[in-house]
Amino acid sequence: MRLRIALSTLPLLALLPILLGGVAAGTAPEGLALLSDGRRLALPETNHEVPSPAAFLGHSLGTGFTSHDRILRYFDVLAESSDRVRNLDYGTTYEGRPLRLVVISSPANLARLEELRTAHLRLDNRGLAEDRRQRLVAELPLVVWLAYGVHGNEASSSETAMLVAHSLAAAS
């Protein structure tokens, strides 16, 4: 798998249907609140050993507010149950809450995460020969950064982060 995803827990809502295969009536697994028109998102099949956000929270996403500590704990559970997930805390908020980066990739890519990070940094070197740059682009896994909101009272972005992380970590 050449794709590595980095998720920040802190709106990608417009891209969600594209990422997850569109919207269809009644085809989504349980655990998601209905959309305003009564439909559910169609999500890919997942490994049921990796708990969904709804299974962890005890309620469907979109039906209640999920606190920061519960979101972080879900990402901990996700990392414990999937070999595709690594959590990296990189700082704290003004209120002392952890800021977390959730990296989702193949186990092989996660094992060499620092090597891949360093190699990607070389791409920004203006003195790098073009043939070497092209080789790196061809060899390195693609990195996609998905950032999820900065306003603590806006639940949709954080809950979307949990849904997307589960879909990527547990996809069959």
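The shown structure was predicted, so the numbers you read here are calculated from the model rather than taken from an experiment.

Please explain the pairing of strand β5 (residues 98-104) as it appears in this structure.
Consecutive side chains of a regular strand alternate in pointing toward one face of the sheet and then the other. In terms of burial, β5 is largely enclosed, as six of its seven residues are buried. Bridge count for strand β4 (residues 85-92) against β5 is seven bridges, and the pairing is antiparallel. In the sheet register, Leu-88 faces β5, and the bridge partner there is Leu-101. In textbook terms, the turn of a hairpin is the stretch between consecutive antiparallel strands, and for β4 and β5 this stretch comprises five residues, one of which, Gly-96, has a positive phi near 85°.

Is there a simple way to think about the nonpolar core in this case?
Side chains of nonpolar character tend, in soluble globular proteins, to be buried together. Judged by nonpolar contacts, the single largest core of 22 residues is most densely connected at Tyr-74, Phe-75, Leu-78, Val-85 and Met-162. Elements with a contribution of two residues or more to this core: α2 (53-57), α3 (68-81), β5 and α7 (155-170). Per-element tally for this core: the top contributor is α7, with seven residues. Those residues in contact with Leu-78, other than ones at most four positions away along the chain, are Val-50, Pro-51, Val-85, Ala-165, His-166 and Ala-169. Listed in part, the five residues of the second largest apolar core include Leu-116, Ala-119, Leu-128 and Leu-140.

What is the right way to look at the side chain of Thr-46 in this model?
Mapping Thr-46 onto the fold places it in the loop between β3 (40-41) and α2. What makes Thr-46 buried here is its relative accessible area of 16%. When near neighbours in sequence (up to four residues on either side) are disregarded, Thr-46 contacts His-166, Ala-170, Ala-171 and Ser-172.

How should I be thinking about the packing of aromatic side chains in this particular structure?
A ring pair, where both rings are aromatic, is described by two values, the distance of the centres and the angle of the planes. Scanning all chains against the criterion turns up two aromatic pairs. Each ring, one from Phe-56 and one from Tyr-74, has its centre 5.5 Å from the other, and the planes form 55°; the classification is tilted. Here the residue Phe-56 occupies a position in helix α2, and Tyr-74 occupies one in helix α3, the gap between them amounting to 18 residues. Given a relative accessible area of 0%, Tyr-74 falls into the buried group. Ring geometry for Tyr-74 and Phe-75: centres 6.1 Å apart, planes at 55°, overall tilted.

Would you explain the packing of α3 against α7 in this entry?
Two elements in contact, α3 and α7, have axes separated by 11 Å at closest approach and are oriented at 5°. Between α3 and α7, the crossing angle belongs to the class labelled roughly parallel. Taking contact as the criterion, the partners of Ile-71, Tyr-74, Phe-75 and Leu-78 in α3 are, on α7, Ser-158, Ala-161, Met-162, Ala-165, His-166 and Ala-169. Considered class by class, the residues forming the contact of α3 with α7 number eight nonpolar, two polar and no charged.

Criteria and cut-off values
Residues numbered from 1 in each chain as written. Predicted model: local features only at pLDDT ≥ 70, side-chain atom pairs only at ≥ 80, totals over all residues. Heavy atoms only, no water. Buried < 20%, exposed > 50% of the residue type's maximum accessible area, 1.4 Å probe, protein only. Helix = DSSP H or I, 4+ residues; strand = E, 2+ residues; numbered from the N terminus. Pairing = 2+ DSSP bridges. Core = buried A, V, L, I, M, F, W, Y, C linked by side-chain atoms within 4.5 Å. Contact = heavy atoms within 4.5 Å. Phe/Tyr/Trp six-rings, centres within 6.5 Å; stacked < 30°, edge-to-face > 60°. Axes fitted to C-alpha atoms, helices over the stretch in contact; angles between N-to-C directions. Parallel < 35°, antiparallel > 145°, perpendicular 65-115°, else oblique. Nonpolar A, V, L, I, M, F, W, Y, C, P; charged D, E, K, R; others polar.

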